[in-house]
Amino acid sequence: MQKIQVPYKDIVLPDGGANEEFLASLRSRLKEMEGHGEKVLLCPEAKREDCKDTDAALELTAAYKHCARRLKDCEVVAGFCLPAVFKGMERESELLENFKSELLEKHPHYIFE
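Reading the values: rules and limits
Residues numbered from 1 in each chain as written. Predicted model: local features only at pLDDT ≥ 70, side-chain atom pairs only at ≥ 80, totals over all residues. Heavy atoms only, no water. Phe/Tyr/Trp six-rings, centres within 6.5 Å; stacked < 30°, edge-to-face > 60°. Helix = DSSP H or I, 4+ residues; strand = E, 2+ residues; numbered from the N terminus. Buried < 20%, exposed > 50% of the residue type's maximum accessible area, 1.4 Å probe, protein only. Salt bridge = Lys/Arg side-chain N within 4 Å of Asp/Glu carboxyl O. Core = buried A, V, L, I, M, F, W, Y, C linked by side-chain atoms within 4.5 Å. Contact = heavy atoms within 4.5 Å.

A. Spotlight on the packing of aromatic side chains. Going through the model one piece at a time under the given rule, you end up with 7 aromatic pairs. Ring geometry for Phe 80 against Phe 99: centres 6.1 Å apart, planes inclined by 70 degrees, an arrangement best described as edge-to-face. Of this pair, Phe 80 sits in strand 3 (residues 77-80) while Phe 99 sits in helix 4 (residues 92-104), and the two are 19 residues apart along the sequence. With respect to class, Phe 80 is no different from Phe 99; both count as buried.

B. Region of the structure containing the pattern of salt bridges. This structure, assessed with the given rule, holds 10 salt bridges. Notably, a salt bridge pairs Glu 34 with Lys 31, separated by 3.2 Å at the nearest N-O pair. On the accessibility criterion, Lys 31 (28% relative accessible area) is partly exposed. A salt bridge links Glu 102 to Lys 65; its shortest N-O distance comes to 2.8 Å. Here Lys 65 lies in helix 3 (residues 54-70) and Glu 102 lies in helix 4, a separation of 37 residues in the sequence. Classification of Lys 65 by relative accessible area gives buried; the value is 15%. Overlapping salt bridges, with partners in common, bring together Arg 27, Lys 31, Glu 34 and Asp 73 in one network.

C. Fine view of the nonpolar core. Among the nonpolar cores identified, the biggest contains 31 residues, and Ile 11, Leu 30, Leu 42 and Phe 86 are the most heavily contacted of them. Listing elements by their share of this core, those giving two or more residues are strand 1 (2-7), helix 1 (8-11), helix 2 (20-33), strand 2 (40-45), helix 3, strand 3 and helix 4. It is helix 3 that contributes the most residues to this core, 6 residues altogether. Filtering out sequence-adjacent residues up to four positions away, Ile 11 remains in contact with Val 6, Gly 17, Ala 18, Asn 19, Phe 22, Leu 23, Ala 63, Tyr 64 and Cys 67.

If you want it as structure tokens, here you go:
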């Protein structure tokens, strides 16, 4: 299964809003892949400075939940990689479970790696 890196800095604008232009281009790229029998996992890519504490981790989760909503009709998306930036954080397991449950809320078919 192909993995596509989705940088946090690309999906969130400096003011904290969603970068809809980037999300639209990602959606177009994924729609072009449909019909080729491929499935992809989207992999959150963030730096430690993007995710300094639990509040920042929850903001990151919200950003990728919004990303998933924008890509909801892309059949090629099988799911998401779990954010590597959560590793070693306080409450790591809770943050990972929250990430999964937030995305599964509207996308019960997603798998996570």
